[in-house]
Each structure stands twice: as C-alpha cells, then as structure tokens.
Amino acid sequence: MAKIALVKMQGGALVPLTDDDKHFIDKKRVGTVLECDFKTLRNPMFHRKYFALLNLGFDYWNPIGGTVSPAERGLLMRFVRMLSQYGGEERILQEIVSGYLDHLSVHRAQLETEKSFEAYRKWVIIESGFYDVVVLPNGTIRREAKSIRFAKMDDVEFSELYQASFGVLWNSILNCYFGDEEAVELAVNRLLGYL
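Rules behind the numbers
Residues numbered from 1 in each chain as written. Predicted model: local features only at pLDDT ≥ 70, side-chain atom pairs only at ≥ 80, totals over all residues. Heavy atoms only, no water. Helix = DSSP H or I, 4+ residues; strand = E, 2+ residues; numbered from the N terminus. Buried < 20%, exposed > 50% of the residue type's maximum accessible area, 1.4 Å probe, protein only. Contact = heavy atoms within 4.5 Å. Pairing = 2+ DSSP bridges. Core = buried A, V, L, I, M, F, W, Y, C linked by side-chain atoms within 4.5 Å. Domains from an automatic or database assignment.

- Named according to an unreviewed UniProt entry, the chain is DUF1367 domain-containing protein originating from Photobacterium phosphoreum.

Pasting the structure below:
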C-alpha cells in the first residue's frame, strides 16, 4: 500500500504533489482503478509560517532569572489577606511576605537560566489557550500544550492557534521591538522569504 499526495486543481483534476507521487501514478496503466482513503492535510506553508512567528519571538525573548511570577506573588498576597481576617495585622504580614519574595528573587537570580525553544514553544501554546489539563500522581494539576502535528490539528484549529499565539507573542515580547502588529507580520514573511 503506497501513500501519495494529490492536489485538487481548477476543474476538479487531482494532480500528484511531488515527483515521487507523479512517478507512482505514471507506473499505472491507463484505466487502472485506484481505491483511495482521502484525508485533507494541513497547509504545510502555514505550518512554516507559524514556526517563523515562534522563531521571531524566540529571537527577541531574553530569559531573566530571579523573578517571582505574578501568580506566586498573587497567591501569597491572597494568603496574607486571609490570615489578616483571623486576627493578623495585614500590614505586618505584607512586609514579611515582601521580604520573603525579595529573598526568593535574589536566590533565583543566582540560578543559571537556559533559553529552551521547546519550553518556549509549549509556553506559547499553553498561553494561547491550547492545552489539556492533566493530573500527576502526586495530585498536582498541570497544563500540557496540545500537539500541533498535522494529524492532531486541522487547518481551522491551527489558524486559531496562530492568531492566539500571535497575540501572546505581541503582548509578551514583540510589542517592545516592533511599532505595530503589521511590522511583525512583515518580519515573519521576510523570515519565510516572501519579501
């Protein structure tokens, strides 16, 4: 059983996509009946464009160690408010938490950070809202990036991922380096060699 790719042309004709596909068809006699199971594949050029966008954001991103995430800070401040309801002095508790967060930040600044494309790519996908929630054996709940393999995501969902990822990268990284979103699109197209 052979797999070949065909492209639908104007007028309804199916044309082999690659030379290998054409060679396979050319070996068949005229009138040969071929049975096919058709599957629409995602546009590979759009897939390349998505990775050009990711690469652009990755090139401009500079990991900075020593930071305390907004989620960590928010969690501790909510805990302070809860403790203050049970009789603690909120101002004193906030000072203690601020001191702890400063200490944590200094400690993390001493850690070596590594710029990982794979971790960055998964972060973009998760921040774009394309993730599954999983529970680990220790009870921890974690978000895992959805697969962007051709077989796992169709053109419509992939287009939504591209738009959401563009927004995440614009808001988190690229707005500091480009004047507007059109300039980012222009840079992505340049990376692809369109301009």
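Following the structure, the description resumes.
## Examining the environment of L169
Part 1: Within the fold, L169 resides in helix α6 (residues 155–172).
Part 2: Under the relative-accessibility criterion, L169 is labelled buried at 0%.
Part 3: The spacing of L169 and E118 is 51 residues in sequence and 15 Å in space, taken between C-alpha atoms.
Part 4: In contact with L169, other than residues within four places in its own chain, are L53, L54, G57, Y120, V124 and L174.

## As for the pairing of strand β3 (residues 131–135)
Part 1: Of the pairings in the sheet, the one linking β3 to strand β4 (residues 141–145) comprises five bridges and is antiparallel in character. When the sheet's bridge partners are listed, Y131 is paired in β4 with A145.
Part 2: If you look at the hairpin formed by β3 and β4, you'll find five residues sitting between the two strands, and G139 has a positive phi there, around 90°.

## Concerning the nonpolar core
Part 1: Formed by 26 residues in total, the largest nonpolar core has its most connected members in Y50, L53, L161, L169, L174, V184 and V188.
Part 2: Listing elements by their share of this core, those giving two or more residues are α2 (44–60), α5 (117–127), α6 and α7 (181–192).
Part 3: In this structure, V68, M77, V80 and V97 belong to the second largest nonpolar core, which totals seven residues.

## Let's talk about the domain arrangement of the chain
Part 1: The assigned domain composition of the chain is domain 1 (1–38), domain 2 (43–63 + 115–194) and domain 3 (66–113).
Part 2: In this structure, domain 2 and domain 3 have C-alpha centres spaced 31 Å apart.

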